[in-house]
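Fold and geometry: a report
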Amino acid sequence: MTADRELVKRLWWAGIRAVRGEEAVRAALTKAPIEMPDAIVSVGKAAASMAKAAVSAFGPEVPCLVLTKYDHASQASLPDHVEVIESAHPVPDDQSLRAGQRLLQVVSRMEKDAHLLLLVSGGASALVEVPVDGWDLDKLAAENARLLAAGLDIHAMNERRRALSRIKGGRLLSEFSGRRVTTFAISDVEGDDLDVIGSGIGAAPETHKFLHDARIVASNAIARAAVAEAAAAEGLTVLASDEVLYADITEAADRIAGTLDGTPGLSIFGGEPTTVLPENPGEGGRNQALALTLAGRVASRSGLTALVAGTDGSDGPTTAAGGMVDGGTWGAGAADSLRRADSGTYLVGRDDLFVSGPTGTNVMDLALVLQR
């Protein structure tokens, strides 16, 4: 790996460290301490990391339930008393329904004076579910697959998911009869709206009698600021730091490429692009597709390195986070790979696939472009 690729990778990780669940929750509890909870529930891709900080702060006497994606809990090294259920993302499976039932059970059985600490991160929309009457797992999975293939943004997808759920959009906390809920959320949506994160699983219902303290503890803006700080420490000029990737991958690539005039420095972009999938897509996710599309825009340019990756470490239904490309990435077969939604296969062949593993956070996507 070239020195510039190593540098861009290092800068991406600087952004990730600033928004990891454990660090974000610990900082929130330090800045504004909360009273001892009677239960801790953590749900989402960053659930294990977030729970680790809360368990460390409040001790083993507080029961804790962690609901997260497959293979995302082990790296957190959670204590034995923590109950963990792992399930599928982005399309729910039978474990998602089991997790949803267990979540509903814990929340609904809390006593009158209870305080619930609810930790929420992106991914909860698929990882936990209790469907409305008339919807079974097969129908739910098919509908989620349809939404993912349609090129919808997260707001539109989660609006539909809320309509099919007994626990989304404030419905979970409508079952809570205790005194207080404290919600800490890691935002993976534009505008950091608690009603959209995890399809509103941590939001309060319109009418409620309990006290509700909700805080955003990590976001894309915080990650980008950390990347910019790390870049400055490396002696780089930060040319841009914009949350503009809310578009189809073709438009998002054009937006990025339009800013690259050869001025030396680092450009940082955040957000969550969309893509419409063909009937039988190949291997890859939106970040791999955006990376390859961007490679086409900068083909044959020297001195340019770009990394596009999901901050959670997973890009769609793959184990990769995204792609790292340069002026030599685009070549024969690239356009066809994009057409077939098979960018991952192409990037593997060029040794341009970026694999990070689970990161302990989820604040949408980051695209970093270094120009020399």
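Procedures and definitions
- Residues numbered from 1 in each chain as written.
- Predicted model: local features only at pLDDT ≥ 70, side-chain atom pairs only at ≥ 80, totals over all residues.
- Heavy atoms only, no water.
- Pairing = 2+ DSSP bridges.
- Helix = DSSP H or I, 4+ residues; strand = E, 2+ residues; numbered from the N terminus.
- Salt bridge = Lys/Arg side-chain N within 4 Å of Asp/Glu carboxyl O.
- Buried < 20%, exposed > 50% of the residue type's maximum accessible area, 1.4 Å probe, protein only.
- Core = buried A, V, L, I, M, F, W, Y, C linked by side-chain atoms within 4.5 Å.
- Contact = heavy atoms within 4.5 Å.
- Axes fitted to C-alpha atoms, helices over the stretch in contact; angles between N-to-C directions.
- Parallel < 35°, antiparallel > 145°, perpendicular 65-115°, else oblique.
- Left-handed = near helix turned anticlockwise from the far one by under 90°.
- Expected span 1.5 Å × (residues − 1).

1. Remarks on the sheet that holds strand β9 (residues 304–310)
Judged by pairing direction, the sheet is mixed, and its 6 strands sit side by side in the order β7-β8-β12-β9-β10-β11 without closing on themselves. On the outer flanks of this sheet lie β7 (238–243) and β11 (353–354), each paired with one strand and no other. For β9 and strand β12 (residues 365–371), the ladder comprises 7 bridges, and the chain directions are antiparallel. Bridge pairing in β12 links A309 to L366.

2. A look at the pattern of salt bridges
By the definition in use, this model includes 21 salt bridges. Note that R297 is salt-bridged to D254, the shortest N-O span being 2.6 Å. With a gap of 43 residues between them, R297 in helix α10 (residues 286–297) and D254 in helix α9 (residues 249–257) connect regions that are remote in the sequence. Assessed through its relative accessible area of 36%, R297 is described here as partly exposed. Look at D254 and you get partly exposed, because its relative accessible area is 41%. A salt bridge links R286 to E272; its shortest N-O distance comes to 3.1 Å. Placement of R286 in helix α10 and of E272 in the loop between β8 (265–271) and α10 is noted, with a sequence separation of 14 residues between them. With a relative accessible area of 25%, R286 lands in the partly exposed category.

3. Digging into the nonpolar core
W12, F184 and L266 are the most contacted members of the largest nonpolar core, which totals 51 residues. Discounting residues that sit within four places of it in the chain, W12 has contacts with L307, A309, G310, T311, F354, S356, T359, L366 and L368. Core analysis: the second largest hydrophobic core is formed by 34 residues, V41, L118, L147 and I197 among them.

4. Here's the deal with the sheet that holds strand β4 (residues 115–120)
Backbone hydrogen bonds are what pair the strands of a sheet, in a parallel or an antiparallel way. The parallel open sheet is built from 6 strands, whose spatial order is β3-β2-β1-β4-β5-β6. Looking along the sheet, the strands with just one partner apiece sit at the ends: β3 (83–87) and β6 (211–218). The average undirected angle you get between the axes of adjacent strands in this sheet is 15°. Pairing analysis gives 4 bridges linking strand β1 (residues 39–43) to strand β2 (residues 64–69), with the strands arranged parallel. If you follow S42 over to β2, its bridge partner there is V66.

5. Quick look at the packing of helix α6 (residues 137–149) against helix α7 (residues 154–163)
The N-to-C vectors of α6 and α7 enclose an angle of 165°; their axes lie 10 Å apart at closest approach. Between α6 and α7, the interaxial angle falls into the category roughly antiparallel. In terms of crossing hand, the pair formed by α6 and α7 is right-handed. Every residue of α7 that contacts α6 at E143, N144, L147 and L148 is listed here: M157, R160 and R161.

6. Remarks on the pairing of strand β10 (residues 322–326)
Of all the 5 residues making up β10, 4 are buried; the element is thus mostly covered by neighbouring parts of the structure. Pairing geometry for β10 and β11, over 2 bridges, is antiparallel. The partner of G323 across the bridge, within β11, is L353.

7. What to know about helix α3 (residues 47–58)
When the terminal C-alpha atoms of α3 are compared, their 16 Å separation across 12 residues agrees well with the 16 Å that a helix rising 1.5 Å per residue should span. The element α3 is extensively covered by neighbouring structure, given that 9 of its 12 residues are classed as buried. Every buried residue of α3 is accounted for by A47, A48, S49, M50, A51, A53, A54, V55 and F58. In this structure, the buried side of α3 is in contact with α2 (21–31), β1, β2, β4, β5 (180–186) and β6. At the C-terminal side of α3, G59 shows a positive phi close to 85°.

So, to be careful, I would describe these as geometric facts and stop short of saying anything about function.
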